[in-house]
Amino acid sequence: MGILVSTDELAKHLDDPKWVVIDTRHDLMDPSKGPKAYAAGHIPGAYFMHTDEDLSSPKTGKNGRHPMANVDEFARKVNERGIAPGVQVVVYDDLSGNFAVRLWWMLRWLGHDKAALLDGGWPKWVQEGRPVTAEVPAPRKGSFVPKPHLGDLVDAPFVDRFKESSDITLLDARAPNRFNGLEEPVDPVAGHIPGAVNRFWQKNLNPDGTFKSPDQLRAEYGQLLGSADPARVVHMCGSGVTACHNIFAMELAGLPPGKLYAGSWSEWIADPAHAVVTK
């Protein structure tokens with residue numbers, strides 16, 4: 001099993017005890033929207049995890065909008081959902097993986113390789129007339145033990161030191177208008193980190209919301225990175241969520257996925273000493 005699962009494949013495993021499905025639908029402007037959508041209907045057997053409450057730790061005003069979750073607390077929560085070695089986890093949302101990729105990345109970072117994204121997500125599942133339920137599954141006992149991959153996660157001092165160095169490529173997944181400082185609907189400061197390159201996460205997708213082919217993604221990232229080493233890419237966005245979409249796309253393309261700067265733009269601008277570029 002790869003990192004991308006089709007609706008056909010998931011439908012065959014809805015009753016498979018070795019599969020766990022997790023719904024991560026979310027709205028940055030309305031954090032209650034995801035739980036409400038889940039309560040109204042979800043893929044049978046799917047659990048829910050909240051981007052703010054389950055995939056992040058508390059905000060301090062200095063650590064960004066979605067600080068990385070406490071590892072032990074996260075492990076406790078996924079163990080309540082039956083995740084264990086050998087269990088295939090499938091994550092989905094309703095925005096082509098926008099939020100689900102954060103959970104996918106966290107599981108992989110912490111040593112659970114059998115994690116995949118549902119291609120097309122909730123909209124494709126519903127459009128195809130597949131089963132939907134409002135029934136919440138009972139908790140399942142898991143045995144997930146987090147084993148972080150050292151070096152996959154970097155912090156602001158690392159980015160500040162290497163941001164304009166050829167040693168890394170800082171890849172920002174935000175929309176071009178936000179990256180260029182033309183608008184900023186979410187954070188209080190517009191622009192980007194000096195030396196950063198823009199790759200809007202939606203460029204990883206086909207018009208129908210499914211992922212582009214590995215060959216196409218490999219060609220596009222190859223053109224973007226040129227002679228730069230993909231393994232030295234540091235991914236960022238507004239708060240360390242959609243950055244994982246580019247990580248996912250690079251891995252899908254067969255490239256080394258690089259590292260994540262989880263604090264991203266929202267953490268960077270919290271320190272007025274940090275340089276900002278607009279154009």
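Residues numbered from 1 in each chain as written. Predicted model: local features only at pLDDT ≥ 70, side-chain atom pairs only at ≥ 80, totals over all residues. Heavy atoms only, no water.

1. Points about the sheet that holds strand S7 (residues 169-172)
An order of S6-S10-S9-S7-S8 is seen for the five strands of this open sheet, with the pairing classed as parallel. Two strands in the sheet have a free side with no partner beyond their single neighbour: strand S6 (153-154) and strand S8 (197-198). (Pairing = 2+ DSSP bridges. Helix = DSSP H or I, 4+ residues; strand = E, 2+ residues; numbered from the N terminus.)

2. Section: the packing of helix H4 (residues 100-109) against helix H9 (residues 243-252)
When two helices pack together, their arrangement is given by the angle between their axes and by how far apart the axes lie. H9 packs onto H4 with a crossing angle of 65 degrees between their chain directions and a minimal axis gap of 8 Å. Taken as a pair, H4 and H9 cross one another with a handedness that is left-handed. Contact residues: Val 101, Arg 102, Trp 104, Trp 105 and Arg 108 in H4; Cys 244, His 245, Ile 247, Phe 248 and Glu 251 in H9. Considering only residue class, the contact of H4 with H9 consists of six nonpolar, one polar and three charged. (Axes fitted to C-alpha atoms, helices over the stretch in contact; angles between N-to-C directions. Left-handed = near helix turned anticlockwise from the far one by under 90°. Contact = heavy atoms within 4.5 Å. Nonpolar A, V, L, I, M, F, W, Y, C, P; charged D, E, K, R; others polar.)

3. Focus: the nonpolar core
Judged by nonpolar contacts, the single largest core of 50 residues is most densely connected at Phe 74 and Trp 105. Listing elements by their share of this core, those giving two or more residues are strand S2 (19-23), helix H3 (71-79), strand S4 (88-92), H4, strand S5 (115-118), helix H8 (214-225) and H9. By residue number, the principal contributor to this core is H4, which donates eight residues. In contact with Phe 74, not counting residues within four places along its chain, are Met 49, Asp 54, Leu 55, Ala 69, Leu 103, Met 106, Leu 107, Leu 110 and Phe 144. The next biggest cluster of nonpolar side chains, apart from the first, holds 15 residues, and it includes Ile 168, Ile 193, Val 234 and Trp 265. (Core = buried A, V, L, I, M, F, W, Y, C linked by side-chain atoms within 4.5 Å. Buried < 20%, exposed > 50% of the residue type's maximum accessible area, 1.4 Å probe, protein only.)

4. Details of the pairing of S4
Extensive coverage of S4 is indicated by the burial of five of its five residues. Neither face of S4 is exposed, since Gln 88, Val 90 and Tyr 92 on one face and Val 89 and Val 91 on the opposite face are all buried. Direction of pairing for S4 relative to S5: parallel, over a ladder of three bridges. Considered in S5, the bridge of Val 91 is made with Leu 117.

5. So, the pairing of S2
Along S2, five of the five residues are buried, which leaves the element largely enclosed by surrounding structure. Covered by surrounding structure in S2 are Trp 19, Val 21 and Asp 23 together with Val 20 and Ile 22, the residues of both alternating faces. Pairing analysis gives five bridges linking S2 to S4, with the strands arranged parallel. Bridge pairing in S4 places Val 21 opposite Val 90. Judged from the two bridges that link them, S2 and strand S3 (residues 47-48) form a sheet pairing that is parallel. Bridge assignment links Ile 22 to a residue of S3, and that residue is Tyr 47.

6. With respect to unusual backbone geometry
Of note in the backbone geometry, Ser 96 takes a positive phi value of approximately 60 degrees without being a glycine. Note that Ser 96 resides in the loop between S4 and H4. The backbone of Ser 264 shows a phi angle near 50 degrees, a positive value even though the residue is not glycine. Its location among the elements puts Ser 264 in helix H10 (residues 264-268). On the basis of relative accessibility, which here comes to 0%, the residue Ser 264 falls in the buried class.

7. With respect to the pattern of salt bridges
Counting across every chain of the model gives 19 salt bridges. Among the salt bridges present, the one from Arg 108 reaches Glu 251, with a minimum N-O distance of 1.8 Å. Taken together, the residues Arg 108 in helix H4 and Glu 251 in helix H9 connect sequence positions 143 residues apart. Arg 174 is paired through a salt bridge with Glu 184; the nearest N and O atoms lie 3.5 Å apart. Remark: Glu 184 occurs in the loop between helix H7 (176-179) and S8 and Arg 174 occurs in the loop between S7 and H7; sequence separation between them is 10 residues. (Salt bridge = Lys/Arg side-chain N within 4 Å of Asp/Glu carboxyl O.)

8. Observations concerning the sheet that holds S3
A sheet is described by the order of its strands in space; here five strands give the open sequence S1-S5-S4-S2-S3, paired in parallel fashion. Of all strands in the sheet, those with a lone pairing partner are strand S1 (4-5) and S3, marking the two edges. Sitting on the sheet, H4 is in contact with S2, S4 and S5, with an inclination near 170 degrees to S5.

9. Focus: the environment of Glu 128
As for its position among the elements, Glu 128 is in the loop between helix H5 (121-127) and S6. In this structure Glu 128 comes out as partly exposed when scored by relative accessible area, which is 36%. Once the C-alpha coordinates of Glu 128 and Thr 7 are considered, the two residues, 121 residues apart in sequence, prove to be 8.7 Å apart. Looking at Glu 128, its side chain comes within polar contact range of the side chain of Thr 7, at 2.7 Å. Side-chain polar atoms of Glu 128 contact the side chain of Lys 124, separated by 2.6 Å. (Polar contact = N/O pair within 3.5 Å; in protein donor to acceptor, adjacent residues only side chain to side chain.)

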